[in-house]
Amino acid sequence: MKILLSLFGFSIFSLSVFFGLDLLGAQQLSGGEFVALVIAFAVLGLIVSFSSEVQEFSVAGNIVKLKEVKKDADKSIDDLKKARIGNFRFLLKLAARFPGGFGSGSTVDDRLNDFWLLYEQILESNDEDDLKLNIKEVSRVLLNGQLNSIRQNSDLVGEKYPREALPEPNELLLVAIDSESVEKAAKRNVYGGDIVQIKQALIVGLNEYKKLYELHKKCSEI
């Protein structure tokens, strides 16, 4: 790191000399202005080169303390990250709450769209590791809700799995689209009794369940 800073500082000085000579040759600068320019950039180059060691420097009588500036900047960044994570924790709790009104009868839990949008923001902010336990808790709640949405459209799922069960996705698939189970749902006039539509809706719901299940498993790993 120190070598890179030294090279960068030297580059600043070299470029200032090059452009200064060019301006001097074009009579854009006087000899005195050229010297002042070179000295100013030489000092700047030295400050950059030894920024890890320089404690402070003065500009027009004003003292700039590099270490304190860096410390304040690091603290501000840390405070912002803590505030962001706290906000995500709050939003995750909200994502697990049931929406008002009656269920839509869909095979996809009404809360999932908002949850996945929130999860994408967590990934973009690189905060998944800090929120792993929170995501695990919420994904468990949503898995139960998603299983319930599937249960309403497949009779055998309701008969085989209790409320708190989290069956493995492939196992759940075989149970949910069982022909006898789908036919029972059709007799209850689910999706107007259309067996093809019931199966298509179940596949959508099962895919959502699998996606959630994999996320929950990922967040359960130590």
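Residues numbered from 1 in each chain as written. Predicted model: local features only at pLDDT ≥ 70, side-chain atom pairs only at ≥ 80, totals over all residues. Heavy atoms only, no water.

So, the overall build of the protein chain
1) Next: When helices and strands are counted, the protein chain shows nine helices and two strands.
2) Next: Along the protein chain, from the amino end to the carboxyl end, the secondary structure elements read α-α-β-β-α-α-α-α-α-α-α.
3) Next: Counting over 222 residues, the protein chain shows a buried share of 31%.
4) Next: Of the contacts formed within the protein chain by residues at least 6 apart in sequence, a portion of 61% connects residues at least 24 apart.
5) Next: Total accessible area on the protein chain is roughly 14,300 Å²; 60% of this is exposed by carbon and sulfur atoms. (Helix = DSSP H or I, 4+ residues; strand = E, 2+ residues; numbered from the N terminus. Buried < 20%, exposed > 50% of the residue type's maximum accessible area, 1.4 Å probe, protein only. Contact = heavy atoms within 4.5 Å. Areas by Shrake-Rupley, 256 points an atom, 1.4 Å probe, with all protein chains shown as cover.)

Considering unusual backbone geometry
1) Next: Even without being glycine, Asn189 reaches a positive phi, approximately 70 degrees.
2) Next: The backbone phi angle of Tyr191 is positive, close to 50 degrees, even though this residue is not glycine.
3) Next: Here Tyr191 shows up in the loop between helix 8 (179-187) and helix 9 (195-220).
4) Next: For Tyr191, a relative accessible area of 29% puts it in the partly exposed group.

Structural notes on the packing of aromatic side chains
1) Next: Overall, the coordinates contain four aromatic pairs when judged by the stated rule.
2) Next: Among the aromatic side chains, those forming a connected cluster through ring pairs are Phe115, Trp116 and Tyr119.
3) Next: Taking NZ or CZ as reference, Lys211 lies 4.2 Å from the ring centre of Trp116, over its face. (Phe/Tyr/Trp six-rings, centres within 6.5 Å; stacked < 30°, edge-to-face > 60°. Lys NZ or Arg CZ within 6 Å of the ring centre and 35° of its normal.)

What about the nonpolar core?
1) Next: Ranked by size, the top nonpolar core spans 36 residues in total, and within it Phe115, Ile135, Ile150, Val157 and Leu172 carry the most contacts.
2) Next: Residue assignment for this core shows that the elements contributing at least two residues are helix 3 (66-95), helix 4 (112-124), helix 5 (132-151), helix 7 (169-176), helix 8 and helix 9.
3) Next: In terms of residues, this core owes the most to one element, helix 9, which gives seven residues.
4) Next: Setting aside its immediate chain neighbours within four residues, Ile135 contacts Leu92, Phe115, Tyr119, Ile122, Glu128, Leu215 and Cys219. (Core = buried A, V, L, I, M, F, W, Y, C linked by side-chain atoms within 4.5 Å.)

A closer look at the packing of helix 7 against helix 9
1) Next: Running from N to C, helix 7 and helix 9 point in directions that differ by 165 degrees, and their axes come no closer than 10 Å. Between helix 7 and helix 9, the interaxial angle falls into the category roughly antiparallel. For the pair helix 7 and helix 9, the crossing hand works out as right-handed. Along its contact with helix 7, which presents Pro169, Leu172, Leu173 and Ala176, the element helix 9 presents Leu202, Ile203, Leu206, Tyr209, Lys210 and Tyr213.
2) Next: Looking at the contact of helix 7 with helix 9, its residues break down into nine nonpolar, no polar and one charged. (Axes fitted to C-alpha atoms, helices over the stretch in contact; angles between N-to-C directions. Parallel < 35°, antiparallel > 145°, perpendicular 65-115°, else oblique. Left-handed = near helix turned anticlockwise from the far one by under 90°. Nonpolar A, V, L, I, M, F, W, Y, C, P; charged D, E, K, R; others polar.)

Some details on the pattern of salt bridges
1) Next: Tallied over the full model, the rule gives six salt bridges.
2) Next: Among the salt bridges present, the one from Asp127 reaches Arg84, with a minimum N-O distance of 2.6 Å. A residue pair is termed long-range when its members are at least 10 positions apart, and Asp127 in the loop between helix 4 and helix 5 and Arg84 in helix 3 qualify at 43 residues.
3) Next: Overall, Arg84 belongs to the partly exposed group, its relative accessible area being 30%.
4) Next: For Glu128, the salt bridge is made with Lys218, and the minimal N-O distance between the two is 3.0 Å. Of the two residues, Glu128 sits in the loop between helix 4 and helix 5 while Lys218 sits in helix 9, which places them 90 residues apart along the sequence.
5) Next: Among the residues examined, Glu128 registers a relative accessible area of 13% and is labelled buried. (Salt bridge = Lys/Arg side-chain N within 4 Å of Asp/Glu carboxyl O.)

Notes on the environment of Tyr119
1) Next: You can see Tyr119 is positioned in helix 4.
2) Next: The spatial distance from the C-alpha of Tyr119 to the C-alpha of Ile135 is 8.4 Å, given a sequence separation of 16 residues.
3) Next: Once residues lying within four places of it in the same chain are set aside, the contact partners of Tyr119 are Glu128, Ile135, Leu215 and Lys218.

Thoughts on helix 7
1) Next: Buried within helix 7 we find Pro169, Leu172, Val175 and Ala176. Mapping the buried residues of helix 7 onto a view down its axis gives an arc of 120 degrees, with all of them on the same face.
2) Next: The distance from a side-chain oxygen at the start of helix 7 to the backbone nitrogen of Asn170 is 3.0 Å, and the residue carrying that oxygen is Glu168. (Arc of directions from axis to C-beta. Polar contact = N/O pair within 3.5 Å; in protein donor to acceptor, adjacent residues only side chain to side chain.)

Details of the confidence of the model for the protein chain
1) Next: For the protein chain, mean pLDDT is 78; residues scoring 70 or higher make up 63% of the total.
2) Next: A low-confidence stretch, residues 59-63 stays under pLDDT 50, and its non-local contacts, those more than four residues away or across chains, total four contacts. (pLDDT = per-residue confidence, 0-100.)

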